[in-house]
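So the chains spell out like this:
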Amino acid sequence: MPKVADYYETLGVSRTASEKEIKSAFRKRARQYHPDVNQGDRAAEARFKEISEAHEVLSDPEKRKLYDAFGGDWRAAQQAGVDPPRGDAGPRRSTRRGGPRVTVESYGDMGDINIEDLFRDGGLGDIFGRARTAPVEAEGTIHVSLREAISGTARSFELPDGRRIEVKVPAGVADGAVLRVPGLRARVSVETDRQFRREGKDLTTTVSVPLETALLGGEAEVPTPKGGRVTLKVPPETQNGTRLRLRGLGMPDAKGGTAGDLFAEVKVRLPLPLDEATRRWAESRVAGNS
């Protein structure tokens, strides 16, 4: 497997380099390897692409945080909707192998750098005569059901240039997560589900329980988000509205961690219409508390 380039090494800066140092290093190397200065030199062109990719990531605070945390897998983490680490926990490198390969389709995003400035200090003037710009990134929204968010799915998009691409939606994707593939930036919208309420990785569903089961204990059938049912033990004297946990039956973790939990919210079902024995029991309880 080819070695993934180290962006800091590519630009010749330390991992603690400031934004100004990164920009300066990029300018210096871009002047040296720009294709218009090295016409016909494939090696210089490839080097310029590496430098542009490194600058694109390290000059963007959010992308840089993902790169510091996940290394060469940063783009896969971004596509999975992983939020950049917060705080100053220091750089972390992922030990995971595989994942999608990054292919640079253009010379990258130069940010706020004017390409002409790359040559002004080097005395090359306006030798290049034209600037290469990154392709426009189309915007889109992917609407998925909660069940699709649990299992993962895919959607097909047609880009403005007529190409059709497939965007894979990972299992456990969060509502509002942004997925990126070359030429498209798509935001995920997870639809509200009638049966399950989502809170992060946890899900909650309502379970109807007979009064006698709530009082004396027993079992209840609970639907699962993948379509099956499990048996839940209801302890004696369970109050209406009690949430009982079923571990690991919630949303999968988009980063490959532990799945969330499924909570069964008890809704006590009264024995209606009341029979005579139940009515007398209720009346005796009311009389005893008066």
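Below: a short report on this structure. (Residues numbered from 1 in each chain as written. Predicted model: local features only at pLDDT ≥ 70, side-chain atom pairs only at ≥ 80, totals over all residues. Heavy atoms only, no water.)

**With respect to the overall build of the protein chain**
We count it as follows: Runs of E in the DSSP output that reach at least two residues are strands. Runs of H or I that reach at least four are helices, and both are numbered from the N terminus. The cut-offs for exposure are 20% and 50% of the maximum accessible area for each residue type, with area from a 1.4 Å probe on protein chains only; residues under the lower value are buried, those over the upper are exposed, and the others partly exposed. For this analysis, residues touch if any pair of their heavy atoms sits within 4.5 Å. For accessible areas, the Shrake-Rupley method is used with a probe of radius 1.4 Å. Any residue's cover is judged against the shown protein chains and nothing else.
Of regular secondary structure, the protein chain possesses 9 helices and 11 strands. A total of 290 residues make up the protein chain; the buried ones form 34% of that total. Summarising the internal contacts of the protein chain: among those between residues at least 6 apart in sequence, 52% fall at separations of at least 24. Of the accessible surface of the protein chain, which amounts to about 17600 Å², a share of 48% is contributed by carbon and sulfur atoms.

**Describing the pattern of salt bridges**
Applied cut-off: Salt bridges are defined by distance alone: a side-chain nitrogen of Lys or Arg within 4 Å of a carboxyl oxygen of Asp or Glu.
For the coordinates displayed, the defined rule picks out 12 salt bridges. The partner of Asp-68 in a salt bridge is Arg-15, with the nearest N and O atoms 3.4 Å apart. Here the residue Asp-68 occupies a position in helix 4 (residues 61-70), and Arg-15 occupies one in the loop between helix 1 (7-11) and helix 2 (19-33), the gap between them amounting to 53 residues. Salt bridges here are not isolated pairs; linked through shared partners, they connect Arg-245, Arg-247 and Asp-261.

**Concerning the sheet that holds strand 5 (residues 184-190)**
The following threshold applies: Only strands that DSSP links by at least two bridges are regarded as paired with each other. Every angle, taken between N-to-C directions, lies between 0 and 180 degrees, and every axis is a line fitted to C-alpha atoms, over only the stretch in contact when it is a helix.
Taken in spatial order, the 3 strands of this open sheet run 1-5-4, and their pairing is mixed. The sheet terminates laterally at strand 1 (138-144) and strand 4 (178-181), the two strands that pair on one side only. The mean angle between the axes of side-by-side strands here comes to 25 degrees, regardless of whether they run parallel or antiparallel. Bridge analysis of strand 4 against strand 5 gives 4 bridges, and the strand direction is antiparallel. Paired with Arg-180 across the strands is Arg-185, a residue of strand 5.

**As for the environment of Gln-78**
The residue Gln-78 is located in helix 5 (residues 74-79) in this model. Each residue touching Gln-78, except ones within four places of it in the same chain, is listed here: Lys-63, Leu-66, Val-178 and Arg-180.

**Some words on helix 3 (residues 42-58)**
Note the threshold: Here the expected span of a helix is defined as 1.5 Å times the quantity of residues minus one.
In a regular helix each residue adds 1.5 Å, so 17 residues correspond to 24 Å; helix 3 covers 24 Å between its end C-alpha atoms and thus fits that length. Every buried residue belonging to helix 3 is among Ala-44, Phe-48, Ile-51, Ser-52, Glu-53, Ala-54, His-55, Val-57 and Leu-58, and all of these are buried. Those residues of helix 3 that are buried are in contact with helix 1, helix 2, helix 4 and helix 5.

**Some remarks on the side chain of Arg-64**
Under the convention used in this document: Only four residue types enter the tally: Lys and Arg on the positive side, Asp and Glu on the negative side, with His and both chain ends excluded.
Following the sequence through the fold, Arg-64 ends up in helix 4. For Arg-64, which is buried and forms no salt bridge, the nearest opposite charge comes from Asp-68, at a distance of 4.2 Å. Look past the residues within four positions of Arg-64 in its chain and what remains in contact with it is Tyr-8, Arg-15, Thr-16, Ala-17, Ile-22, Val-57 and Leu-58.

**Remarks on the environment of Glu-166**
For Glu-166, the position within the fold is in strand 3 (residues 164-169). Glu-166 sits 12 residues away from Ala-154 along the chain, and the two C-alpha atoms are 6.6 Å apart. When residues no more than four places from it in sequence are discounted, the contact partners of Glu-166 are Ala-154, Arg-155 and Ser-156.

**Considering the side chain of Asn-38**
Where we set the bar: Counted as a polar contact is a pair of N or O atoms within 3.5 Å, where, for protein atoms, one must be capable of donating a hydrogen and the other of accepting one, and residues adjacent in sequence contribute only when both atoms are in side chains.
Inspection of the secondary structure assignment puts Asn-38 in the loop between helix 2 and helix 3. Within the structure, Asn-38 has its side chain in polar contact with the backbone oxygen of His-34 (distance 3.0 Å).

**Section: a nonpolar patch on the surface**
Quick note on the threshold: By definition, no residue in a patch forms a salt bridge, and every one has over 30% relative accessible area; like charges are joined within 9 Å, nonpolar side chains (Val, Leu, Ile, Met, Phe, Trp, Tyr) within 5 Å.
A cluster of nonpolar side chains, contributed by Leu-215, Leu-216 and Trp-281, occupies part of the molecular surface with about 340 Å² of accessible area. As for its position among the elements, Leu-215 is in helix 8 (residues 211-216).

**Details of the packing of aromatic side chains**
Keep this limit in mind: Stacked, tilted and edge-to-face are the three classes assigned to paired rings of Phe, Tyr and Trp, where Trp is represented by its six-membered ring and a pair needs centres within 6.5 Å; plane angles under 30 degrees give stacked, over 60 edge-to-face, the rest tilted.
Applying the stated criterion across every chain, the model contains 2 aromatic pairs. With centroids separated by 6.0 Å and ring planes inclined at 40 degrees, the aromatic side chains of Tyr-8 and Tyr-67 adopt a geometry described as tilted. Separated by 59 residues along the polypeptide, Tyr-8 in helix 1 and Tyr-67 in helix 4 bring together distant segments of the chain. No difference in accessibility class separates Tyr-8 from Tyr-67, as the two residues are buried. Here the aromatic residues Tyr-7, Tyr-8 and Tyr-67 are joined through ring pairs into a cluster of three or more.

Purely geometric numbers; function is a separate question.
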